[in-house]
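# Observations on the model geometry
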Amino acid sequence: MKKFTNVADIGNLKEAVAEALEVKKNRFAWTELGRNKTLLMIFFNSSLRTRLSTQKAAMNLGMNVMVLDVNQGAWKLETERGVVMDGDKAEHLLEAIPVMGSYCDIIGVRSFAGLKNKAEDYEERVIEQFIRYSGRPVFSMEAATGHPLQSFADLITIEEHKTVARPKVVLTWAPHPKALPQAVPNSFAEWMNAADYELVVTHPKGYELDPRFVRPEQIEYDQRKAFEGADFIYAKNWSAFADENYGAVLSTDRDWTVDAEKMALTNNAYFMHCLPVRRNMIVTDDVIESERSLVIPEAANREISAQVVIKRLLENL
Ligand code: CP
């Protein structure tokens, strides 16, 4: 594997999950693979899980790890070419990227959507520049339009808990006070479709995702109807994708909050969320604290998904 930004990069999903379960059983079996190799993790945005799980995964593989928080201590970076740099940005990405590449063997990048310029976000301008100019294998630690390390961990978690070959998985929009990117729901839908699960997506009208990720026939606007017979409920907020109101918050209707009454409509479904989660906006306390909540095992599997990805990148150096 040369890079990891979407489901296609991981190849056969059954093999990837089998490898993940092997890694999970014996995570220190490949400590020689990463010896004298350095991972550079670059964060343009905050993180708890990605930062810790990815660093742990790299350490499991025997790697050295460097972490750069671009907004804390680095020069402010210009990302647009052709800009007269007479403002507060002291360095251009086009110099910064190859310099960073010269200090490491593999680069992980977190760079969220700005939600102001849809073309810029959906062209993935920041991570694509890292792929093009760093001279190193690059993996996404959540980019503008996708969060594949999260979706891989979600897939591993579902495979560990499912009781039927093709579970019904429901991705439900839920309210949040701030505008959030579409990266997690895009990736989740992409990976669930690639796994050939029965995917249903439910949200208020106006929150339709990019049809490259969610086909119109997969949408059910009635949340309660969508929940019927579900094996897994995956809650997430996202902002509008449509051109006319890209990045907007169209609703904060708490009738969409996942609660026990709605979970009772399901096939005793497991509850999932990528975290961090706003309790009693996205999900009620009793549901997230219930025995059917998978949020902690799901977060723990982030170490495993990251380790498989970094392992495969190391194997291809
Ligand atoms: N789920 C996830 O990516 O968490 P962080 O934003 O804390 O890394």
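Refer to the structure printed above.
Each value, and the rule that gives it
- Residue positions are given per chain, counted from 1 along the sequence in the order it is written.
- Totals for whole chains, interfaces and linings use all residues, but because this is a predicted model, local features are given only for residues with pLDDT of at least 70 and pairs of side-chain atoms are given and counted only at 80 or more.
- The side-chain figures draw on all heavy atoms in the structure; neither hydrogens nor water molecules are used.
- A run of H or I in DSSP becomes a helix once it reaches four residues, and a run of E becomes a strand once it reaches two; helices and strands are each numbered from the N terminus.
- Any two residues whose heavy atoms approach within 4.5 Å at even a single point are treated as in contact.
- Here the Shrake-Rupley method, with its probe set to 1.4 Å, supplies the accessible areas, and only the displayed protein chains count as covering residues.
- All tallies of charge rest on Lys and Arg as positive and Asp and Glu as negative; His and the ends of each chain are not included.
- A single reference atom marks each charge: NZ on Lys, CZ on Arg, CG on Asp, CD on Glu.
- Near, as used in this document, describes a residue that has one of its heavy atoms within 4 Å of the molecule or strand being considered.
- Here a polar contact is recorded for every N or O atom pair within 3.5 Å, except that within protein the pair must consist of a potential hydrogen donor and a potential acceptor, and residues adjacent in sequence are included only if both atoms are side-chain atoms.
- When residues are grouped by polarity, Ala, Val, Leu, Ile, Met, Phe, Trp, Tyr, Cys and Pro land in nonpolar, Asp, Glu, Lys and Arg in charged, and all others, Gly among them, in polar.
- Throughout the structure description, domain borders are defined by an automatic or database domain assignment.
- DSSP bridges decide pairing: two strands pair if at least two such bridges lie between them.
- Convention adopted: a line fitted to C-alpha atoms gives each axis, helices being fitted over their contacting stretch, and angles between N-to-C directions are expressed from 0 to 180 degrees.
- Note on exposure labels: buried denotes an accessible area under 20% of the residue type's maximum, exposed denotes more than 50%, and partly exposed covers the range between, all computed with a 1.4 Å probe on protein chains only.
- Between the rings of Phe, Tyr and Trp (Trp by its six-membered ring), a pair exists once the centres lie within 6.5 Å; its type follows the angle of the planes, with under 30 degrees stacked, over 60 edge-to-face, and the other angles tilted.

## What to know about the overall build of the protein
- Each helix and strand counted, the protein has 12 helices and 11 strands in total.
- C-alpha atoms of the protein, sized along the principal axes, occupy 55 × 50 × 30 Å.
- Put simply, 79% of the contacts in the protein that link residues at least 6 apart link residues at least 24 apart.
- With the model as given, the accessible surface of the protein reaches about 14000 Å², and the carbon-plus-sulfur share is 49%.
- With 38 positive and 45 negative side-chain charges, the protein shows a separation of 3 Å between the mean positions of the two kinds.

## Focus: the site of the ligand
- Lining the immediate environment of the ligand, one finds Ser47, Leu48, Arg49, Thr50, Arg110, His147, Gln150, Cys274, Leu275 and Arg302.
- Between a nitrogen atom of the ligand and a main-chain N or O atom of Cys274, the distance comes to 3.0 Å.
- Protein burial of the ligand: of its 250 Å² of free accessible surface, 93% is covered by the chains.
- Class assignment for the residues of the shell around the ligand results in three nonpolar, four polar and three charged.
- Looking at the shell around the ligand, you find at least three residues from each of domain 1 (3-146 + 302-315) and domain 2 (150-298).

## Quick notes on the sheet that holds strand β11 (residues 270-272)
- If you walk across this open sheet you meet the four strands as β9-β8-β10-β11, and the pairing is parallel. Edge positions in the sheet fall to β9 (198-202) and β11, since each has one partner strand and no second. Along the sheet, successive strands turn relative to each other by an average axial angle of 20 degrees, direction set aside.

## Some remarks on the pairing of strand β10 (residues 232-236)
- In terms of residue burial, β10 counts as a mostly covered element, since five of its five residues are buried.
- As paired elements, strand β8 (residues 168-173) and β10 share five bridges and run parallel to each other. Bridging across to β10, Val170 finds its partner in Ile233.
- Bridging between β10 and β11 involves three bridges; their strand directions are parallel. By the bridge assignment, Phe232 is partnered in β11 with Tyr270.

## What about the sheet that holds strand β3 (residues 64-69)?
- Within the open sheet, the five strands sit side by side as β1-β7-β6-β2-β3. Their pairing is parallel. Since the sheet does not close on itself, it has two edges, and those belong to β1 (3-4) and β3, each with one partner.
- Set on the sheet, helix α6 (residues 125-133) makes contact with β1, β2 (38-43), β6 (106-110) and β7 (138-140); between it and β7 the angle comes to about 160 degrees.

## Let's talk about the packing of aromatic side chains
- Inspection of the entire model under this criterion finds nine aromatic pairs.
- Consider the rings of Phe4 and Trp191, whose centres lie 6.2 Å apart with planes at 70 degrees: the pair is edge-to-face. Of this pair, Phe4 sits in strand β1 while Trp191 sits in helix α8 (residues 183-194), placing them 187 residues apart in sequence. Like Trp191, Phe4 is buried.
- Measuring from ring centre to ring centre gives 6.2 Å for Phe44 and Phe130, while their planes differ by 80 degrees; the resulting arrangement is edge-to-face. With a gap of 86 residues between them, Phe44 in the loop between β2 and α3 (49-60) and Phe130 in helix α6 connect regions that are remote in the sequence. Both residues of the pair, Phe44 and Phe130, belong to the buried class.
- Counting every residue linked through ring pairs, the aromatic cluster contains Phe4, Phe152 and Trp191.

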